[in-house]
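Spelled out from the first residue to the last, the chains are:
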Amino acid sequence: MKTNIQFVHSDTKISAEQLVQRKLDKLENKFDWIISADVMFKEEKSTNGKGKVCAIELSLPGPKIHASSNEDSFEAAAAESVKDIEKQLKKRKAEMQSH
C-alpha cells in the first residue's frame, strides 16, 4: 500500500507520522485489498480548544473510505481516525462477503 502523509499549516511531527503509519500497516495486514492511503494533518484555530485534525482517505475497490477527527493532539486525532476507518473497512468486508 502506498501511503502519502502531509502536514498542512503545521510543522511535521514525526511521532504522529510514525503512529499513523504503524496503524495503517496493521490495517493493510487485515485488509489486503487496500490500494493507497492519503493522510492529512492540519492545525486549525478553533474555539472549542481542540484544533489538531487528522483526515484519512483510503483508495480501494469501490468507493473511497474517508474519516477525520479533531482532537487535542495529532496522535489522538490519528488514533480516532484510524478507528473510524477500521469500522468502515469491516463493514465493507462484510458487504463483499455477502455477494
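Report on the accompanying structure. (Residues numbered from 1 in each chain as written. Predicted model: local features only at pLDDT ≥ 70, side-chain atom pairs only at ≥ 80, totals over all residues. Heavy atoms only, no water.)

**Section: the pattern of salt bridges**
For step 1, the next point in the chain: Applying the stated criterion to the full structure yields eight salt bridges.
For step 2, the next point in the chain: Of the charged contacts in the structure, one is a salt bridge between Glu44 and Lys42, with a shortest N-O distance of 3.6 Å.
For step 3, the next point in the chain: With relative accessibility at 34%, the residue Glu44 sits in the partly exposed group.
For step 4, the next point in the chain: The salt bridge involving Lys52 is made with Glu43; its shortest N-O contact spans 2.7 Å.
For step 5, the next point in the chain: Here Lys52 falls in the partly exposed class, since its relative accessible area comes to 21%.
For step 6, the next point in the chain: Among the residues examined, Glu43 registers a relative accessible area of 30% and is labelled partly exposed.
For step 7, the next point in the chain: Linked by salt bridges that have partners in common, Lys30, Glu86 and Lys90 make up one network. (Salt bridge = Lys/Arg side-chain N within 4 Å of Asp/Glu carboxyl O. Buried < 20%, exposed > 50% of the residue type's maximum accessible area, 1.4 Å probe, protein only.)

**Looking at the sheet that holds strand S4 (residues 65–71)**
Backbone-to-backbone hydrogen bonds join strands into a sheet, with any given pair of strands oriented parallel or antiparallel.
For step 1, the next point in the chain: With respect to topology, four strands assemble into an open sheet ordered S1-S2-S3-S4, the strand pairing being mixed. Only two strands of the sheet have a single partner each, and these edge strands are strand S1 (2–8) and S4. On average, each strand axis in the sheet is inclined to that of its neighbour by 10 degrees, with strand direction left out of account.
For step 2, the next point in the chain: For S1 and strand S2 (residues 36–43), the ladder comprises seven bridges, and the chain directions are parallel. Counted as the bridge partner of Lys2 is Ser36 from S2.
For step 3, the next point in the chain: Along the sheet, helix H1 (residues 14–30) contacts S1, S2 and strand S3 (52–59); its crossing angle with S1, the most-contacted strand, is approximately 150 degrees.
For step 4, the next point in the chain: Running over the sheet, helix H2 (residues 74–97) touches S1, S2, S3 and S4 and is turned about 150 degrees from S4. (Pairing = 2+ DSSP bridges. Helix = DSSP H or I, 4+ residues; strand = E, 2+ residues; numbered from the N terminus. Axes fitted to C-alpha atoms, helices over the stretch in contact; angles between N-to-C directions. Contact = heavy atoms within 4.5 Å.)

The analysis is restricted to geometry; functional conclusions fall outside its scope.
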